[in-house]
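# Inside the fold
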2 protein chains.
Amino acid sequence: MADIQESKDRLSETLDQVVSLLKKHQLVENLVHKQEMLKHDLIETIVHRQNKIELQNILNALHPADVAHILEALPLDDRLYLWDLVKVDRDGDILLEVSDAVRQTLIADMDSEELLAAAEKLGTDELADLAPDLPKDVLQDLMESLDAFNRERLQSALSYPEHTVGALMDFDIVTVREDITLEVALRYLRRLDELPDHTDKIFVIDRHDNIKGVLPITTILVNDLDVTVQDVMAADVVLFHPEDVADDAAKAFERYDLVSAPVVDKNNKLVGRLTVDEVMDYIREESDADRLSMAGLREEEDFFSSVWASVQNRWAWLAINLVTALIASRVIGLFENSIGKVVALAALMPIVAGIGGNSGNQTTTMIVRGLALGQISGSNMRSQVTKELGVALVNGLIWGGVLGCVTYALYADYRLSLVMTAAITLNLLLAALMGVVIPLVMNKFGRDPAVGSSVLITAMTDSGGFFIFLGLATIFLL
Amino acid sequence: MADIQESKDRLSETLDQVVSLLKKHQLVENLVHKQEMLKHDLIETIVHRQNKIELQNILNALHPADVAHILEALPLDDRLYLWDLVKVDRDGDILLEVSDAVRQTLIADMDSEELLAAAEKLGTDELADLAPDLPKDVLQDLMESLDAFNRERLQSALSYPEHTVGALMDFDIVTVREDITLEVALRYLRRLDELPDHTDKIFVIDRHDNIKGVLPITTILVNDLDVTVQDVMAADVVLFHPEDVADDAAKAFERYDLVSAPVVDKNNKLVGRLTVDEVMDYIREESDADRLSMAGLREEEDFFSSVWASVQNRWAWLAINLVTALIASRVIGLFENSIGKVVALAALMPIVAGIGGNSGNQTTTMIVRGLALGQISGSNMRSQVTKELGVALVNGLIWGGVLGCVTYALYADYRLSLVMTAAITLNLLLAALMGVVIPLVMNKFGRDPAVGSSVLITAMTDSGGFFIFLGLATIFLL
């Protein structure tokens, strides 16, 4: 029995235990280094050996996913030391579980033979997941080691782009013909030693491998054994094509509560299956990637990657933001004369820009969500713009009014107050308009509106806010 | 066969079709209104009736999840008109599928009798999902209509807080004793007409309902029927308690690729089960809620909610941001004298603040992610701070240098350039420090670091950036 709260606590205890064993190991290593003892002698010492065996025992008792978790939580040196202690026959499973960034550090540490040995333990669909990270020559050797059937499968699996059903599917399909009885089907199943994970249904095909329906396993259990497959199979099947977008497939899995589903080619021939565990991993990875890209992190960063790798991962976003900041700065530059005369403008202008950015991002978040859920159509787009402009107007009058009062309290200049109120209202209207239009335009041109919208909106509301506020001030105050 | 791409296209075609039928309906309604015809007469016209029947036919043919999708994509009036056309016996299933905001609009449109009729079609766990949205008197009537066993179940299901396993679990459990043979087990299963959805395993219990293990259905299929349940069951089970945090449960489902799992109370007594479809819905809802709250939207907004409802949903975030903007504005106010002398400072200061905010949010995103994945422990926190400070220093020197050059090109003042470079570097270091510390402190005090960190970071880097830049300028330029 593995109580989930206990197992969570146990995992974090195990991590602490591993870290403390690693500290002992480092202590010994440092001694070697300082005293210039022969490393060989020392490794032979009993303490060191026991330490190592203890670590190995801990690792061997853990689920591959848990070993992966521990490897991810360790700095590079410790991670690689531990990785060497993992049993060779578990390498493959653990490589599949670790994140991409960490996987690269582990693979870089293995030689071709180790990689080949690890890969040989895996199924074709798992190999396809691993292949993009393998060195070219290893992949070549691996291909040659496969029989023709599996080689062809691997090649076809590798041919599907990321984010398609083809890249997520596996080949663990169990099939029966429609004209046999359940008894014959059951006898056939019994001859297999075990069924693949997530087999909630077996696939019914004709002699050309074309899909005719699916037979839920529970149906076999509750029905008389002398009926034919045809009589009890479900003919109305949700099915996928390898080139279907993974995101649509994920939505279908959620909507229709699927555990597994057949994947067929253009001629309706069964080529693989998609299972809920792959779909769930995909959803998690996507939401993770979204969150990273919203902060302008191009890819997942290994938590212990070098400063230089991190700088490279983050620089593009900073560069883009600097360009938009420079533009906003030049807009202010246009009005240096006005600021020189009324210095209060300099203190007030960031407020106008800031509230526009926040409000615009709220609007964009709503629109991006509506697009993702398929709730935005041509027919309701106009009502959306109207609504957002309405919200902006109400917010503008409320918050613009409040800040007008604050401005009067600070500077005792009612004209400055009025300019402040008007500028905030206008900038919120601009933010609402851009907040609706920018994601829709990005979507129209096939770009992901979740990623770039925020920079664009903020650029508009910053430059726009400065221009509106300083422009109004120049007209009415000077 | 339902091809997923086709079915997606078909759904959006269906939506268009519904919208155009609704337009015809509105046309007729408008005619009634304008010509002051007796509504009754007109509803009797054949065209209008046909229109209505066509809509009903479309709705009846759709999966409840698809009807929910269409209802969500329609403005309130159309939505309620369509809702009246939905067959009464499908109301319950559809109410379960729509989003919370839309569900409230639908329930508000139903009288007590309709609600009771809809609720009576649902299982106890489904009722528990719906109950919080039902009017009190309806819930009371509903409780009374249940038998003692189900009433107790519903009450216990309602007693678990949101985001716990108890709130997600269902009661569709199939159990066997460990000492019977597979043949007896199979005969028992065959007597049930069908097994609950997502039954990949049945639960093995003793006479006190204590869990002893699980029996995967595939195990029954591939084994000889004369072995006992005990011989082939899996005794090492991942199991949950009703009070476990849903997020931990979701991670366990991903990590161990579960389809269903038993939920037990403190005495190891089986009380329910958790299935992958509920877990997947939970993951999607959480990532959706996270995205909304990051933009300061307190709750999901019905796409067609009123302007006033939207203003209320968004105002808290804008208020918080205005307060931080006001503080930043007062920091600038401290240096009005300096700005009056060197107006260029006003144009350059937003750049310093902006790059700090962007960089700080990148750091926070990494830390929040590390916290969520459990990769941050006391032992590696210090190395994390060191790394982020390193990244900030490199970025500061690069981008600070670039902007120093730009400043020189614009204002031909090398001292101003140096102040710019120094201020950017210092603000990036501040951003890195705050970017690590703020989410860790929030996490320590049990707050969700994903939600408030961004406002706090931006507040620090704005006020801090202005203070550093204008302060350095005042010291070195004046």
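Residues numbered from 1 in each chain as written. Chains lettered and ligands numbered in written order. Predicted model: local features only at pLDDT ≥ 70, side-chain atom pairs only at ≥ 80, totals over all residues. Heavy atoms only, no water.

Residues and elements named next belong to chain B. The sheet built from three strands is open, its strands ordered 2-3-4 with mixed pairing. A single partner strand is all that each edge strand has here, and the edge strands are strand 2 (175–177) and strand 4 (211–216). For this sheet, the mean angle separating the axes of adjacent strands, direction not counted, is 35 degrees. The pairing of strand 2 with strand 3 (residues 201–205) spans three bridges and is parallel. The partner of R177 across the bridge, within strand 3, is I205. (Pairing = 2+ DSSP bridges. Helix = DSSP H or I, 4+ residues; strand = E, 2+ residues; numbered from the N terminus. Axes fitted to C-alpha atoms, helices over the stretch in contact; angles between N-to-C directions.)

Attention shifts here to the packing of helix 20 (residues 344–372) of chain A against helix 22 (residues 414–444) of chain A. Residues and elements named next belong to chain A. For the pair helix 20 and helix 22, interaxial distance at closest approach is 8 Å and the crossing angle is 30 degrees. As far as their axial angle goes, helix 22 and helix 20 are roughly parallel. Read as a crossing pair, helix 20 and helix 22 show a hand that is right-handed. In terms of residue class, the contact of helix 20 with helix 22 is made up of 20 nonpolar, eight polar and no charged. (Parallel < 35°, antiparallel > 145°, perpendicular 65-115°, else oblique. Left-handed = near helix turned anticlockwise from the far one by under 90°. Nonpolar A, V, L, I, M, F, W, Y, C, P; charged D, E, K, R; others polar.)

A few words now on a negative patch on the surface. Taken together, the side chains of A:D84, A:D109, A:D111, A:E113 and A:E114 make up a negatively charged region of the molecular surface. By the secondary structure assignment, A:D109 is in the loop between helix 7 (100–108) and helix 8 (112–120). (Patch = residues over 30% accessible without salt bridge, like charges linked within 9 Å, V, L, I, M, F, W, Y side chains within 5 Å. Areas by Shrake-Rupley, 256 points an atom, 1.4 Å probe, with all protein chains shown as cover. Salt bridge = Lys/Arg side-chain N within 4 Å of Asp/Glu carboxyl O. Lys, Arg positive; Asp, Glu negative; His and termini not counted. Charge placed at Lys NZ, Arg CZ, Asp CG, Glu CD.)

In this section: unusual backbone geometry. A positive phi angle is found at A:H198, which is not glycine, with a value near 60 degrees. By relative accessible area, which is 10% here, A:H198 ends up buried. The backbone phi angle of B:H163 is positive, close to 65 degrees, even though this residue is not glycine. Considering the arrangement of structural elements, one finds B:H163 in the loop between helix 11 (148–159) and helix 12 (165–168). (Buried < 20%, exposed > 50% of the residue type's maximum accessible area, 1.4 Å probe, protein only.)

Residues and elements named next belong to chain A. Per the stated rule, a full pass over the model turns up six aromatic pairs over all chains. Both rings, one in F335 and one in F467, keep their centres 5.9 Å apart while their planes meet at 70 degrees; by these two values the pair is edge-to-face. Taken as a pair, F335 in the loop between helix 18 (307–334) and helix 19 (336–341) and F467 in helix 23 (residues 449–477) lie far apart in primary sequence, 132 residues in all. Among the residues examined, F467 registers a relative accessible area of 47% and is labelled partly exposed. (Phe/Tyr/Trp six-rings, centres within 6.5 Å; stacked < 30°, edge-to-face > 60°.)

Every contact between the two is made by 133 residues of chain A and, on the other side, 134 residues of chain B. For the pair chain A and chain B, the number of links is ten salt bridges. Here B:R284 and A:E254 are joined by a salt bridge, their closest N and O atoms 2.8 Å apart. The interface formed by chain A and chain B includes 32 residue pairs in polar contact (both at pLDDT 80 or more). Counted by class, the side of chain A that touches chain B contains 70 nonpolar, 33 polar and 30 charged residues. (Contact = heavy atoms within 4.5 Å. Polar contact = N/O pair within 3.5 Å; in protein donor to acceptor, adjacent residues only side chain to side chain.)

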